Amino acid sequence: MRAHALIFLGAPGAGKGTQAREVAKDCGIPQISTGDILREAAKKQTPLGLAAKAKMDAGELVPDEVVCGIVEERISEPDCRAGFILDGFPRTLAQAEFVDRALRAKGHGRPQVLNIEVDEDLLLKRLTGRRTCSVGGEIYNIYFNPPKRDGVCDKDGGKLLSRADDNEQAIRQRLEAYHHQTSPLIDYYRAQGVLHGVDGNKDPESIARELREFFARA
Ligand code: AP5
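Residues numbered from 1 in each chain as written. Predicted model: local features only at pLDDT ≥ 70, side-chain atom pairs only at ≥ 80, totals over all residues. Heavy atoms only, no water.

A. Geometry of the packing of helix H5 (residues 93-105) against helix H8 (residues 184-192). Where H5 contacts H8, the axes come no closer than 10 Å and their chain directions differ by 30°. Of the two elements, H5 crosses H8, and the hand of that crossing is right-handed. Residues Leu 93, Ala 96, Glu 97 and Asp 100 of H5 pack against Leu 185, Tyr 188, Tyr 189 and Gln 192 of H8. The residue makeup of the contact of H5 with H8, split by class, is five nonpolar, one polar and two charged. (Axes fitted to C-alpha atoms, helices over the stretch in contact; angles between N-to-C directions. Helix = DSSP H or I, 4+ residues; strand = E, 2+ residues; numbered from the N terminus. Left-handed = near helix turned anticlockwise from the far one by under 90°. Contact = heavy atoms within 4.5 Å. Nonpolar A, V, L, I, M, F, W, Y, C, P; charged D, E, K, R; others polar.)

B. Structural view of the pattern of salt bridges. In this structure the tally under the stated criterion is 17 salt bridges. Its salt-bridge partner being Glu 40, residue Lys 44 comes within 3.8 Å of it at the nearest N-O pair. When its relative accessible area of 36% is taken as the criterion, Glu 40 is described as partly exposed. A salt bridge links Asp 166 to Arg 130, with the nearest nitrogen and oxygen atoms 2.9 Å apart. Here Asp 166 is found in the loop between strand S7 (160-161) and helix H7 (168-182), whereas its partner Arg 130 is found in strand S5 (residues 130-133), with 36 residues between them in sequence. Each member of the pair, Asp 166 as well as Arg 130, is classed as buried. Taken together, the shared-partner salt bridges connect Arg 130, Arg 163, Asp 165, Asp 166 and Arg 174 into one network. (Salt bridge = Lys/Arg side-chain N within 4 Å of Asp/Glu carboxyl O. Buried < 20%, exposed > 50% of the residue type's maximum accessible area, 1.4 Å probe, protein only.)

C. Layout of the site of the ligand. Neighbouring the ligand are 35 residues, the closest being Thr 18, Glu 60, Arg 91, Arg 130 and Arg 174. One of the backbone N or O atoms of Gly 15 is found 3.0 Å from an oxygen atom in the ligand. Here Asn 141 contributes a side-chain N or O atom positioned 3.0 Å from an oxygen atom of the ligand. Considered on its own, the ligand offers 1,000 Å² of accessible surface; in the complex 96% of this is hidden by protein. Looking at the shell around the ligand, the elements that each hand over two or more residues are helix H1 (16-27), helix H2 (34-43), helix H6 (120-129), strand S6 (139-141) and helix H9 (204-217). Ranked by residue count, the leading element in the shell around the ligand is H2, at four residues. Its residues assigned to classes, the shell around the ligand comprises 15 nonpolar, nine polar and 11 charged. (Near = heavy atom within 4 Å. Polar contact = N/O pair within 3.5 Å; in protein donor to acceptor, adjacent residues only side chain to side chain. Areas by Shrake-Rupley, 256 points an atom, 1.4 Å probe, with all protein chains shown as cover.)

D. Highlighting the packing of aromatic side chains. Counted under the stated rule, the structure contains four aromatic pairs. Ring geometry for Phe 89 and Phe 98: centres 6.1 Å apart, planes at 85°, overall edge-to-face. Considered together, Phe 89 and Phe 98 belong to a single accessibility category, that of buried residues. Summarising the aromatic geometry, the rings of Tyr 143 and Phe 144 are spaced 6.4 Å apart at their centres and angled 65° between planes, so their arrangement reads as edge-to-face. (Phe/Tyr/Trp six-rings, centres within 6.5 Å; stacked < 30°, edge-to-face > 60°.)

Shown next, in the form of structure tokens:
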């Protein structure tokens, strides 16, 4: 695979995290999820985390300068030299322009952008059905990938929790933010010739297989 920077684009619940984790393992490059970094900061109650938490719980985007700062710091770490996967970033035009500048400054080529497309009714089921292990972080879905015992992680017995922003009101706001602020990036990257559509309606294994085939050709 020649691409140095991969971007996973898609609506909330499209499966960006699920697929980015697999590709990161396959390619041996880190997955950088701005959502995970912000949630971790909120859990540790750092000033950044506390400021971001209110926005995240309401389903609104965290300000560009905050997330760009996080990404700038993370992609400067040694494990990103050979490449990295951005999961959930960029989400606004300003963030996309930041990525372009950062990649140029670091001597990386253009990013490859995987746009995961999923029907809206499926997105809702994926988000309302998501459960995350409070111990190891394993992700389940009560509709599509349920644990053997209700509310309990198969791997470590940890309690399974819903994410704070996976409630109906926050989901509505997240989808609105996606449609207004993030979906214009589809045209932005299409115009650069780096956009690749991925049918995200299929099961996770089929999507992962298609991505592997794509990277083998790239
Ligand atoms: P973030 O954590 O990035 O949330 P999101 O974009 O809403 O995406 P999700 O994590 O909900 O979905 P996903 O596409 O990763 O799907 P997943 O693989 O988990 O951001 C959260 C918040 O942080 C934002 O609202 C914002 O406030 C802030 N933030 C983050 N980045 C920011 C930025 N750049 N700028 C500003 N603010 C930012 O899958 C979802 C579920 O579906 C799981 O249960 C999974 O098991 C299941 N599933 C996945 N794939 C499939 C499949 N193919 N078939 C069946 N089930 C599937």
